[in-house]
Amino acid sequence: MIYNEIMSTPAQVRQYPRRPRLFDDTDTQTEQRLLEGLRRRSPRDRLRMVAALCLDTRRLALSGLERRHPELSDTQRRRLLADILLGEELAESAYGPRDEGR
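Please read all numbers here as calculations on a predicted model, not as lab measurements.

1. Section: the pattern of salt bridges
Then, number 1: Evaluation of the coordinates by the stated rule reveals 7 salt bridges.
Then, number 2: Of the charged contacts in the structure, one is a salt bridge between R79 and D83, with a shortest N-O distance of 3.0 Å. Within this pair, R79 and its partner D83 are both found in helix α4 (residues 74-86), separated by 4 residues, close to a single helical turn. Exposure class is identical for R79 and D83. Each is buried.
Then, number 3: Put simply, R79, D83, E88 and R98 are held in one network by salt bridges that share partners.

Now the structure itself:
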């Protein structure tokens, strides 16, 4: 649709795309309450939540690499994670050549 068509349509007639469900295992009312709670938080709080989730995800990934590769040092595991996340070429460009102890 063109912008003018959208803006000239009465509000009660406008059709907005329906937001997909975020959680398959959560009822609609609970999901709605969660989203309302997140919207009430300040941008600073939401950013802190995202940063904490990113850090936790990185810790989980490193923990999984430690279980699969106990022979690697912490430095080697962090580099392996960089290879996985960034691709080997970009990881090498950013961090230098990989230690061949892997």
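Picking up after the structure, the text goes on.
2. Details of the packing of α4 against helix α5 (residues 88-95)
Then, number 1: Their axes nearest at 7 Å, the elements α4 and α5 cross at an angle of 130°. In terms of orientation, α4 lies oblique with respect to α5. With respect to the hand of their crossing, α4 and α5 are arranged in right-handed fashion. Contacts from R79, A82, D83 and L86 of α4 reach α5 at E88, L90, A91, E92 and Y95.
Then, number 2: Its residues assigned to classes, the contact of α4 with α5 shows 5 nonpolar, no polar and 4 charged.

3. Regarding the confidence of the model for the protein
Then, number 1: Of all residues in the protein, 81% have pLDDT values of 70 or greater, and the mean over the chain is 86.
Then, number 2: The secondary-structure element of the protein with the lowest mean pLDDT is helix α1 (residues 3-8), recorded at 52, while helix α3 (residues 43-68) shows the highest, at 97.

4. Section: a nonpolar patch on the surface
Then, number 1: Together, I84, L85, L86, L90 and Y95 make up a nonpolar patch on the protein surface, roughly 550 Å² of accessible area in all.
Then, number 2: It is α4 that provides the largest number of residues to the nonpolar patch, a total of 3 residues.
Then, number 3: Structurally, L86 is set in helix α4.

What counts and what doesn't
- Residues numbered from 1 in each chain as written.
- Predicted model: local features only at pLDDT ≥ 70, side-chain atom pairs only at ≥ 80, totals over all residues.
- Heavy atoms only, no water.
- Salt bridge = Lys/Arg side-chain N within 4 Å of Asp/Glu carboxyl O.
- Helix = DSSP H or I, 4+ residues; strand = E, 2+ residues; numbered from the N terminus.
- Buried < 20%, exposed > 50% of the residue type's maximum accessible area, 1.4 Å probe, protein only.
- Axes fitted to C-alpha atoms, helices over the stretch in contact; angles between N-to-C directions.
- Parallel < 35°, antiparallel > 145°, perpendicular 65-115°, else oblique.
- Left-handed = near helix turned anticlockwise from the far one by under 90°.
- Contact = heavy atoms within 4.5 Å.
- Nonpolar A, V, L, I, M, F, W, Y, C, P; charged D, E, K, R; others polar.
- pLDDT = per-residue confidence, 0-100.
- Patch = residues over 30% accessible without salt bridge, like charges linked within 9 Å, V, L, I, M, F, W, Y side chains within 5 Å.
- Areas by Shrake-Rupley, 256 points an atom, 1.4 Å probe, with all protein chains shown as cover.

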